[in-house]
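Descriptive analysis of the structure
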Amino acid sequence: MTRRLDHANMAVAGFIEPWSTASGTTTEAFLSAATPDARLRVVALDRDAPEDQPWPIRRLGEGLRHRDYSLGAWLELPAAEADGWGLTLEILLTRNTGTRTLVALPEGGGVTVTDDAQLTLVGADAVEIAPVARERWYSLTLEATPGEICATLSQRGAEVGRARAARPPRAAGALSDRPTLRIGRGTTATEPTVNARVGRITRHMAQAGQATGETWHFPTRGPVPQIAEAGGGPALTVHGLPTFTCASARFDGTIHDPRLEPAHFDAIHLHDDDFAGFDWEADVAIDIPAAARPGIYGLEVTTGAGTETLPFFVRRGATAAAAPRLAFLVPTNTYLAYADERLPPDRYPWTGSDRGHRFAGDNGLLSLYDVHSDDSGVSLTSSRRPMATLRADYHYPLSGGPHLLPVDLQLLRHYARHGIEIDILTDRDLHDEGAAALAPYSGLLTGSHPEYWSGAMMTALDAFLDRGGNLGYLGGNGFYWVVEHQGHVMELRRGVNDIWTGRPGELHLSMTGLPGGAWEHRGNRNPQSFLGVTYAIMSFGPSRPYTRLPDSFEGPHAWIFEGVSGTVFGEGGTVGGAAAGYELDCVLPSAETPGNLVRLAVAEGFDDSFQLRPDLWLAEGEADRQAHRRADMTAYRHAGGGTVFCASSVAFLGALPGPGGDNAVGRILRNLARGFAG
């Protein structure tokens, strides 16, 4: 479905690609605006005032455009080169509203489905085939002769419906230069696509006395843009980024790994709100000078209707001066997972408002925290999206405070005030380059919410720690979800969860075939084993301060608290009003916990809205659960010789002081920077 971007809540929207780049390179901006005239400048977001950067900005067109974009996934086949043909497809319908086109014939007509799941054959006349049950697999066969179309619906080999209709006359404008048969969408781009699963597709034709057959099976690795025909015939084109590696008509619940039995998972799921990213041409090129310092920058776009700033990340280029020993890992996976979160107010009570969420709702955009219109979870997202909620001035409506980027900027601004040099890396840099990305550094600091990690990132972190690297985990609910990247697309499979629950058998990532879900359930990288803490409690209620424990005053890690006076610290902050809040980690009883780990401080006394994760099992029952309603600040020296420090709170960086001020959280973070940099 093609739509015009709605700018009622944001005057400008777009994306930067690549959004993680380096000094001495060029990046591009892809923009949409309600008005064509715009003033452009690059600003530094990681300084207290947005510093203007005199970088070359080249306009690639005469003005900004009000752009169109596409929602919905569908399939396309070249039309049969014969008047007589047959097509069979496996189909499972989910929830649809109104009447949708399930199969569109090149000459017009086809098969439609209504919101009550009634299938109708549309030829010269409309003839009902049969009603279907949602969430059940069927086989739909269309047989065409020069004058007639016949539709047969079967389930488990038994016919459940049949209809015949005269073939429609060729509709004016219905055929393109290359006629195609479409599955999941009609012949016009403005109608919504179908919510359905599609399995195996076969087609046979008879011409000049010769019978030919074609077969398309969906692979268990994806997403892919085309499906090859088994015999070398025409490819099936896939539009709109549907979900691959879905349980098919052959799935019987006995095998849940697509690598063991691919035939059980050779289906895809089409959604009417699938989003493959904007396919726009670039409007602006930004030439980043070789001498540009690493940091977080933004392209500020001002029109007569308003101003928006699109963030991007600049790391040290190949010809830049020697790197400092410290790097900040920007949690771009988490930024992308949350980007354009719908948060419908009727389901989630808002304590504030934010234009980014209103923009996402206006335009039908979804995040990895949302569900599709048929209530199946969103498992794919693209960096070629507006990311309307990724802004320096963003406020999370559920908490009424900053979240993600604006909190992480507090750390970089604090270090800048104190002359502490730190390089920038993003999650995607670490995923693509592995251990080489961390080679220049002795210290790695995370952002406030480093929740989403790929296998390649975990492997790189292992190598970094093995060679003696120091890790500062400055957030909470980190190292939790397994994700994978393919080009501009990121994939997540949640399994059973209170955000959304995946379907039985569909925990494995289509991009790799490996299990998705949570890292702690994968068996080889439980955060408790290398961090010493595990995500335990969350709430949007009031945050709490930390209280120091004996090991913060003396012992091998007392240097972290050098210059910190008193016992209680972190009494204020931008996230919930103190240093420990939102999502929190603690030390769980586990044989995997590093034996030399010490608790430096603890935050307790949270109100009753903070409860342990329901899936977290503790041997001692309710008393044990109550005892772990806390955040533990910890440290230990790992086998490679470096230190792992854990703040264990999403709110921790929000407790840093503002310009001209200082506090215990600031001193702790300065001590970490200097200690980790050697």
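Provided above is the structure to which this section pertains.
Quick notes on the rules
- Counting of residues starts from 1 at the beginning of each chain's written sequence and follows it residue by residue.
- The model is predicted, so local features are restricted to residues of pLDDT at least 70 and side-chain atom pairs to those at 80 or more, both for listing and for counting; the totals for chains, interfaces and linings are taken over all residues.
- Think of the side-chain values as coming from all heavy atoms in the structure, minus any hydrogens and water.
- For every residue, the accessible area obtained with a 1.4 Å probe (protein chains only) is divided by the maximum for its type, and the residue is called buried under 20%, exposed over 50%, and partly exposed between those limits.
- Note on conventions: DSSP H or I runs of at least 4 residues are helices, E runs of at least 2 residues are strands, and numbering of each starts at the N terminus.
- Directions from the helix axis toward the C-beta atoms define the arc.
- Whether two residues touch is decided by their heavy atoms; if any such pair falls within 4.5 Å, the residues are in contact.
- N or O atoms within 3.5 Å of each other form a polar contact, as long as, within protein, one can give a hydrogen and the other can take it, and as long as residues adjacent in sequence are counted only when both atoms are side-chain atoms.
- Axis lines are fitted through C-alpha atoms, for helices just across the contact stretch, and the angle between N-to-C directions can take any value from 0 to 180 degrees.
- To sort the angles, those under 35 degrees are grouped as roughly parallel, those over 145 as roughly antiparallel, those from 65 to 115 as roughly perpendicular, and the leftovers as oblique.
- Residues are grouped as follows: nonpolar covers Ala, Val, Leu, Ile, Met, Phe, Trp, Tyr, Cys and Pro; charged covers Asp, Glu, Lys and Arg; every other residue, Gly included, is treated as polar.
- Aromatic rings from Phe, Tyr and Trp, with only the six-membered ring used for Trp, were paired whenever their centres fell within 6.5 Å, and each pair was classed as stacked if the ring planes differed by under 30 degrees, edge-to-face if by over 60, and tilted otherwise.
- Charge-over-ring contacts are defined here by two conditions on Lys NZ or Arg CZ: a distance within 6 Å of the ring centre and an angle within 35 degrees of the ring normal.
- Salt bridges are identified by distance alone: a Lys or Arg side-chain nitrogen within 4 Å of an Asp or Glu carboxyl oxygen.

Points about helix 2 (residues 355–362)
Count 3.6 residues to each turn of an α-helix, and residues three or four apart come out pointing the same way. By the burial criterion, the buried members of helix 2 are Gly356, His357, Phe359 and Ala360. Down the axis, helix 2 shows its buried residues gathered within 160° of arc, on one side only. Close packing links the buried residues of helix 2 with strand 2 (12–17). The residue sitting at the N-terminus of helix 2 and contributing the capping side-chain oxygen is Asp354; that oxygen lies 2.8 Å from the backbone nitrogen of Gly356. Following helix 2 by one or two positions, Gly364 has its phi on the positive side, about 70°.

A few points about the packing of helix 3 (residues 405–417) against helix 8 (residues 664–677)
Closest axis-to-axis distance for the helix 3/helix 8 pair is 11 Å, and the angle between their directions is 75°. Considering their axes alone, helix 3 and helix 8 lie roughly perpendicular with respect to each other. On the side of helix 3, the interface is formed by Leu411, His414 and Tyr415, while helix 8 contributes Gly666, Leu669, Arg670 and Ala673. Of the residues belonging to the contact of helix 3 with helix 8, the class tally is four nonpolar, two polar and one charged.

Quick look at the packing of aromatic side chains
Across all of its chains, the model carries 30 aromatic pairs by this definition. Summarising the aromatic geometry, the rings of Phe275 and Phe278 are spaced 5.2 Å apart at their centres and angled 75° between planes, so their arrangement reads as edge-to-face. Relative accessible area serves as the criterion here: at 9%, Phe275 is assigned to the buried category. Look at Tyr369 and Tyr452: their rings are 6.4 Å apart centre to centre, the planes differ by 80°, and that puts the pair in the edge-to-face class. Note that Tyr369 is positioned in the loop between helix 2 and strand 29 (380–382) and Tyr452 in strand 32 (residues 452–454), a separation of 83 residues in sequence. You'll find Tyr369 and Tyr452 in the same group, each marked buried. Members of the aromatic cluster, each reached through a chain of ring pairs, are Tyr338, Tyr369, Tyr394, Tyr396, Tyr452, Phe540 and Tyr582. Against the face of Tyr369 rests Arg494, its NZ or CZ located 4.6 Å from the ring centre.

Focus: the pattern of salt bridges
The full count for this structure, using the stated rule, is 41 salt bridges. Ionic pairing is found between Asp283 and Arg67, a salt bridge with its closest N-O pair at 2.5 Å. A residue pair is termed long-range when its members are at least 10 positions apart, and Asp283 in the loop between strand 24 (267–270) and strand 25 (284–287) and Arg67 in the loop between strand 7 (57–59) and strand 8 (68–70) qualify at 216 residues. Residues Asp283 and Arg67 agree in their burial class; the two are buried. Arg164 is the partner of Glu148 in a salt bridge, and the nearest nitrogen-oxygen pair spans 3.0 Å. Of this pair, Glu148 sits in strand 16 (residues 148–155) while Arg164 is found in strand 17 (residues 158–166), placing the two residues 16 residues apart along the sequence. Relative accessible area serves as the criterion here: at 31%, Glu148 is assigned to the partly exposed category. Overlapping salt bridges bring together Glu308, Asp354, Arg355, Arg391 and Asp393 as one network.

Details of the environment of Ala189
Turning to its location among the elements, Ala189 is positioned in the loop between strand 18 (180–183) and strand 19 (196–207). The exposure class of Ala189 is partly exposed, given its relative accessible area of 30%. Spatially, the C-alpha atom of Ala189 lies 35 Å from that of Pro349, the residues being 160 residues apart in sequence.

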